[in-house]
Amino acid sequence: MKYISEFRRSELAEGLISHIRHQSKEPARFMEFCGGHTVTIFRYGIRQVLPPTIEMVSGPGCPICVTANADLDRAIALAQIPGVIIATFGDMLKVPGSRSSLQKIKAEGAGVLTVYSTMDALKAAEDNPDRPMVFLGIGFETTAPTVAASILQAEEKGIKNYYVLSLHKLCPPVIRALLDSGEVELQGLVCPGHVSTIIGSHPWEFIASEYGIPCVISGFEPLDILQSVDMLVSQVEKGQSKVEIAYRRGVRPEGNRQALRLMEQVFEPAPARWRGMGEVADSGLKLRGKYRRFDAEANFNIEPGPAVEPAGCICGDILRGVKTPADCPLFGRVCLPESPVGPCMVSSEGSCSAYYLYGEGHGG
Amino acid sequence: MEDKILLAHGSGGRLAHDLVEKSFVKTLANPLLTRLDDSAVFEVSGRLAFTTDSYVVSPIFFPGGDIGKLAVCGTVNDLAMSGARPLYLSLAFIIEEGLLLSELEKVVNSVRLAAGEAGVEIVTGDTKVVPRGSADRLFINTAGVGLIPEGVDISGGKAKPGDKVILSGAIGDHGIAVMSQREGLSFATKLESDCAPLGGLVADMLDASQNINCLRDPTRGGLATTLNELASQSKVSIRIEEKNIPVREEVLGACEMLGFDPLYIANEGRLVAIVSAKDADKVFEAMKKNKYGKDAVIIGEVAAGPAGRVVMKTVLGAHRIVDMLVGDLLPRIC
Amino acid sequence: MCLAIPVLIKSIEDKEAEAEIGGITRRISLWLTPEAKVGDYVLVHTGYAINVLDQEQAEETLALLREIAEAEEAG
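This section reports on the structure supplied with the text.

Here is what the cut-offs are and how they apply
- Each chain has its residues counted from 1, following the order in which its sequence is written.
- For this description, chains carry letters from A and ligands carry numbers from 1, given in the order in which they are written.
- pLDDT decides what is reported in this predicted model: residues at 70 or higher carry local features, side-chain atom pairs at 80 or more are listed and counted, and totals for whole chains, interfaces and linings draw on all residues regardless.
- Only hydrogens and water are set aside when side-chain values are computed; all heavy atoms of the structure are taken into account.
- Labels follow the DSSP assignment, with helices taken as runs of H or I lasting at least four residues and strands as runs of E lasting at least two, numbered in each case from the N terminus.
- Each residue gets one of three labels from its accessible area relative to the maximum for its type: buried under 20%, exposed over 50%, partly exposed in between, using a 1.4 Å probe on protein chains only.
- Contacts are assigned to residue pairs that have any heavy atoms within 4.5 Å of one another.
- Summed over both partners, the accessible area lost on bringing two parts together, with a 1.4 Å probe, is the buried area.
- Any Lys or Arg side-chain nitrogen found within 4 Å of a carboxyl oxygen on Asp or Glu counts as a salt bridge.
- Two N or O atoms count as a polar contact when they lie within 3.5 Å, although within protein this holds only if one can serve as hydrogen donor and the other as acceptor, and sequence-adjacent residues are included solely when both atoms are side-chain atoms.
- Amino acids are sorted into nonpolar (Ala, Val, Leu, Ile, Met, Phe, Trp, Tyr, Cys and Pro), charged (Asp, Glu, Lys and Arg) and polar (every other residue, Gly among them).
- As used here, the term nonpolar core means buried Ala, Val, Leu, Ile, Met, Phe, Trp, Tyr and Cys residues forming a set that is joined through side-chain atoms within 4.5 Å.
- Helices are assigned an expected span. That span is 1.5 Å times one less than the residue count.
- At any given residue, the bend is defined as the angle formed between two axes, one fitted to the seven residues that end at that position and one fitted to the seven that begin there.
- Two strands qualify as a pair provided that DSSP identifies no fewer than 2 bridges between them.
- Between the N-to-C directions of two axes lies an angle of 0 to 180 degrees, each axis being a line fitted to C-alpha atoms and, for a helix, fitted only over the stretch in contact.
- Just so you know how the angles are binned, under 35 degrees is roughly parallel, over 145 roughly antiparallel, 65 to 115 roughly perpendicular, and the rest oblique.
- Here a crossing is taken to be left-handed if its near helix is turned anticlockwise relative to the far helix by less than a right angle, and right-handed if that turn runs clockwise.
- Only Phe, Tyr and Trp rings are paired, with Trp represented by its six-membered ring, and only when their centres lie within 6.5 Å; those with planes under 30 degrees apart are stacked, over 60 edge-to-face, the remainder tilted.

### Brief notes about unusual backbone geometry
All names here are of chain B.
Argument step 1. Following serine 58, the chain continues to proline 59 via a peptide bond in cis, the omega torsion being 5°.
Argument step 2. Within the secondary structure layout, proline 59 lies in the loop between β1 (47-55) and β2 (61-62).
Argument step 3. In this structure, arginine 137 is a non-glycine residue whose phi angle is positive, near 70°.
Argument step 4. Relative to the helices and strands, arginine 137 is located in the loop between β5 (121-130) and β6 (138-148).
Argument step 5. Residue class for arginine 137 comes out partly exposed when judged on its relative accessible area of 30%.

Below, the structure written as structure tokens:
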């Protein structure tokens, strides 16, 4: 497949691995923020091929994992309103909330529709005009513009039964909060590739300039990750700290202006709850007043009941990179992919899921 | 107005009798079935393989096949995986009231064609009709009987370190073809299900050598799940190489788009064979000469490692564990 | 996070396009990339094109990686 297969070629990987090994003298801890990067790293065994000087730690860039129980409970409560259909990305289906999950209530007869795109949700709304279709808005800056576009399309087409429950989150504020907590010391950050496609490279500048941490914006194929690690090692060895784009085919420094425009038109920053980090100011998105009629928060009486955190679950610590799944007393014993306690085990890119499914041999 | 199946068609009266005669017996005609006795009576001598399956695939028509073809091939393949020559099938239909007669007849015709290719006869059957909403259009239950040749002893527990693992063809075709018809995922593809009867392929393989230790078809849960089952049953490890595993471009494309791993996608016309090293090449060559094994690949080998573990060497040369599928495959955005 | 894959635009109708990857075709939205043309590769996330893939940059990156590989083999 064009522009995918070329970035998986083993002979080019060997060259990069060799270059990294030759360059890397200083011990360095790099965090890959983004869950999609975590998946690639585990799926291809990248930790195994890096030299022992480099430690990789996974960060909280999994929008599924960082959705707080209280917020998921709201989505579940919405779906339990008679007649309402919740349209959701597949990722959220099995995540346990305080008492249930979308998958469980679906089995009990609640309206839950799995979709690949808001386009599918809009179509379902048109096909079922007398049932409210609420789209569960999960995801970072990559996804938020697509949801914004869906609201504008609903407006254009006069679709009256389409709503969005916005649980969207923004990355730069939470990285700042993570660095401010002082819990994890990093010598480099692998920055999210597709978030950067939207927001560009400037929003990451503060990490290099204020915190002195090298940043490289990476693509998602194994060669992309290896190239990014190579560039981080180079900065570390030269004592530099700047923001570089490795993923040049996918990211422009100014980002995607159209996407940013639509996102700003429909959404405004709001405080958001992050699992493991509590409330972080201006790190979420809510619908602007102008689009109130599409806002599920404004149009439905949502009564989720009290939020309960699962006893013993340390997803929060794992998301912040201060603990690993191996440190969790529930991991692999009580918390398993078929019976997850927390979202890190459910989400395909949660650390625990990656550790469990891809198993042995990872150095970190 | 098109003819529909009604509740009365399942109640045993004249309408039911007519349906069985016209739509089933006439199409599937063979001496045992045509007698229309309560049970089919036949003699066989030797070791028998006996299997049962239920088919609830939705949608019932998909590119490359339908629930009828699937029912025959699936049952035939279960028998073939024991090394048996499939002989006779039973076919029980549970029809949702309102199914079009033309749809039913299309399914039964597929059964006829698949049975013909597989060399089996449908010798007994049953028809029930349930109220609208009690079944998803059509469910089919089957049972099958086959004869195992002398000296053949195939079981999931017989893999030994050093054995070679052979896969008969590209993975993921069936699952993706069916998924392409599903609501909410809307994508178009020319990809067809690989649904096929493998009795002939297995017979050819057994002709080449009887040192075939395990045979299994990687259906639900995909290749990954099947390899894990075999590794567990035999208490061995299985080591495979990512670069050896054949996957069609369309399957890769759909998997990329939806966030799936081809290792977990269902196949309905493929098998995994675990063969003693000394006969692996012979069996492999025999497979390549058969229509349903022409794309066969040796994907790895059995090792004396932790029991039940499947390890894959990635294109980077590193190793990762391949676990079995947990729960359902869900499309993801992340 | 943010699975987005490169697909090829085969045809455009208003703000939507037929896009193809490895023989799979799907209708995608161009709301976020109005500048996309037939023949472009775009990165698609949840059915929306989020970027027109810079093919020149892709080739440059691959050339760079080949250089590194050759240097490592020689050195």
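### Focus on the interface of chain A and chain C
Argument step 1. Counting residues at the interface gives 57 residues for chain A and 41 residues for chain C.
Argument step 2. For the pair chain A and chain C, the two sides together bury roughly 3900 Å², of which 64% comes from carbon and sulfur.
Argument step 3. Linking chain A to chain C there are two salt bridges.
Argument step 4. Salt-bridge contacts for arginine 26 of chain C lead to aspartate 120 of chain A; the nearest nitrogen and oxygen are separated by 3.7 Å.
Argument step 5. At the junction of chain A with chain C, the criterion picks out 17 residue pairs in polar contact (both at pLDDT 80 or more).
Argument step 6. Within the residue set of the side of chain A that touches chain C, elements represented by two or more residues are α1 (10-23), α2 (35-44), α6 (118-127), α7 (144-157), α9 (193-199), α11 (222-238) and α12 (257-266) of chain A.
Argument step 7. The residue inventory of the side of chain A that touches chain C, partitioned by class, reads 25 nonpolar, 21 polar and eleven charged.

### Brief notes about the pattern of salt bridges
Argument step 1. Using the criterion set out here, one finds 41 salt bridges over all chains in the structure.
Argument step 2. Where arginine 320 of chain A meets glutamate 183 of chain A, a salt bridge forms, and the shortest distance between an N and an O atom there is 2.4 Å. Pair noted here: arginine 320 of chain A is in the loop between α14 (315-319) and α15 (343-346) and glutamate 183 of chain A is in the loop between α8 (171-180) and β7 (188-191), with a separation of 137 residues, a long-range link.
Argument step 3. Exposure remark for arginine 320 of chain A: the relative accessible area of 11% places this residue in the buried category.
Argument step 4. We note a salt bridge from arginine 270 of chain B to aspartate 173 of chain B, for which the minimum N-O separation is 3.5 Å. Here aspartate 173 of chain B lies in helix α5 (residues 173-179) and arginine 270 of chain B lies in the loop between α8 (249-258) and β11 (272-275), a separation of 97 residues in the sequence. Pair check on accessibility: arginine 270 of chain B and aspartate 173 of chain B agree, each one buried.
Argument step 5. Where salt bridges share partners, they join Glu183, Asp317, Arg320 and Lys323 of chain A into one cluster.

### Some details on the side chain of threonine 142 of chain A
Argument step 1. Along the chain, threonine 142 of chain A turns up in the loop between β5 (133-137) and α7.
Argument step 2. For threonine 142 of chain A, a relative accessible area of 0% translates into the label buried.
Argument step 3. Among the polar contacts listed, one links the side chain of threonine 142 of chain A to the backbone nitrogen of valine 195 of chain A, at a separation of 3.3 Å.
Argument step 4. In this view, threonine 142 of chain A contacts His194, Val195 and Ile198 of chain A together with Cys2, His45 and Ile50 of chain C; residues no more than four positions away in its chain are not counted.

### Concerning the nonpolar core
Side chains that are nonpolar tend, in soluble globular proteins, to be buried together.
Argument step 1. Among the nonpolar cores identified, the biggest contains 152 residues, and Tyr162, Leu189, Trp204 and Leu226 of chain A are the most heavily contacted of them.
Argument step 2. The element contributing the most residues to this core is α11 of chain A, with eight residues.
Argument step 3. Excluding its chain neighbours within four sequence positions, the residues that come into contact with tyrosine 162 of chain A are Thr118, Ala121, Leu122, Ala125, Met133, Phe135, Ser150, Ile151, Ala154, Arg293 and Phe294 of chain A.
Argument step 4. Core analysis: the second largest hydrophobic core is formed by 35 residues, Ile67, Leu91, Ala114 and Ile122 of chain B among them.

### Concerning helix α1 (residues 14-28) of chain B
All names here are of chain B.
Argument step 1. Given a rise of 1.5 Å per residue, 15 residues ought to cover 21 Å, and the 20 Å separating the end C-alpha atoms of α1 matches this to within 8%.
Argument step 2. Its maximal kink placed at glutamate 21, α1 deviates by approximately 30°.
Argument step 3. Every buried residue belonging to α1 is among Ala16, Leu19, Ser23, Phe24, Val25 and Leu28, and all of these are buried.
Argument step 4. Looking at the buried positions of α1, the neighbouring elements they touch are α2 (31-34), β4 (85-96), α4 (101-118) and β5.

### Brief notes about the sheet that holds strand β12 (residues 297-303) of chain B
Residues and elements named next belong to chain B.
Argument step 1. Taken together, seven strands build an open sheet; the order of strands is β9-β11-β7-β12-β10-β13-β14 and the sheet is mixed. At either end of the open sheet lies a strand with only one pairing partner, and these are β9 (212-216) and β14 (319-321). On average, each strand axis in the sheet is inclined to that of its neighbour by 25°, with strand direction left out of account.
Argument step 2. Most of the contacts of helix α7 (residues 222-234) go to β9, to which it runs at about 140°, and overall it touches β7 (164-167), β9, β10 (237-241), β11, β12 and β13 (310-313).
Argument step 3. In the packing of helix α9 (residues 277-288) onto the sheet, the strands contacted are β7, β9, β11 and β12, and the crossing angle to β7 comes to about 10°.

### Observations regarding the packing of α11 of chain A against helix α1 (residues 55-74) of chain C
Argument step 1. Relative to each other, α11 of chain A and α1 of chain C sit at 65°, their axes nearing to 12 Å. Between α11 of chain A and α1 of chain C, the interaxial angle falls into the category roughly perpendicular. Crossing geometry of α11 of chain A relative to α1 of chain C is assigned as left-handed. Between α11 of chain A, through Leu223, Gln227 and Asp230 of chain A, and α1 of chain C, the contact on the second element is made entirely by Thr61, Leu64, Leu65 and Ile68 of chain C.
Argument step 2. For the contact of α11 of chain A with α1 of chain C, a count of residues per class yields four nonpolar, two polar and one charged.

### With respect to the sheet that holds β6 of chain B
Residue and element names in this part refer to chain B.
Argument step 1. Here we have four strands laid out as an open sheet, ordered β1-β6-β4-β5, and mixed in their pairing. This sheet does not close on itself; its edge strands, each paired only once, are β1 and β5. Adjacent strand axes in the sheet meet at a mean angle of 10° when their direction is disregarded.
Argument step 2. Here nine bridges tie β1 to β6, and the two strands are oriented antiparallel to one another. Bridge pairing links tyrosine 55 to isoleucine 140 in β6.
Argument step 3. Of the strands in this sheet, β4 and β5 are in contact with α1, which crosses β5 at around 155°.
Argument step 4. This element, helix α3 (residues 67-80), spans β1, β4 and β6 of the sheet and lies at about 150° to β1.

### Digging into the packing of aromatic side chains
The relative placement of two aromatic rings is captured by the distance of their centres and the angle of their planes.
Argument step 1. In total, this model carries ten aromatic pairs over all chains according to the counting rule given.
Argument step 2. Their ring planes at 40° and their centres at 6.3 Å tell us that phenylalanine 33 of chain A and phenylalanine 140 of chain A sit as a pair that is tilted. With phenylalanine 33 of chain A in strand β1 (residues 28-34) and phenylalanine 140 of chain A in the loop between β5 and α7, the pair connects residues that are 107 residues apart, well separated along the chain. When sorted by exposure, phenylalanine 33 of chain A lands in the same class as phenylalanine 140 of chain A, which is buried.
Argument step 3. An angle of 75° between the planes, with centres 5.0 Å apart, marks the rings of phenylalanine 24 of chain B and phenylalanine 93 of chain B as edge-to-face. With phenylalanine 24 of chain B in helix α1 and phenylalanine 93 of chain B in strand β4, this pair connects stretches of sequence that are 69 residues apart. Take phenylalanine 24 of chain B and phenylalanine 93 of chain B: they sit in the same class, and that class is buried.

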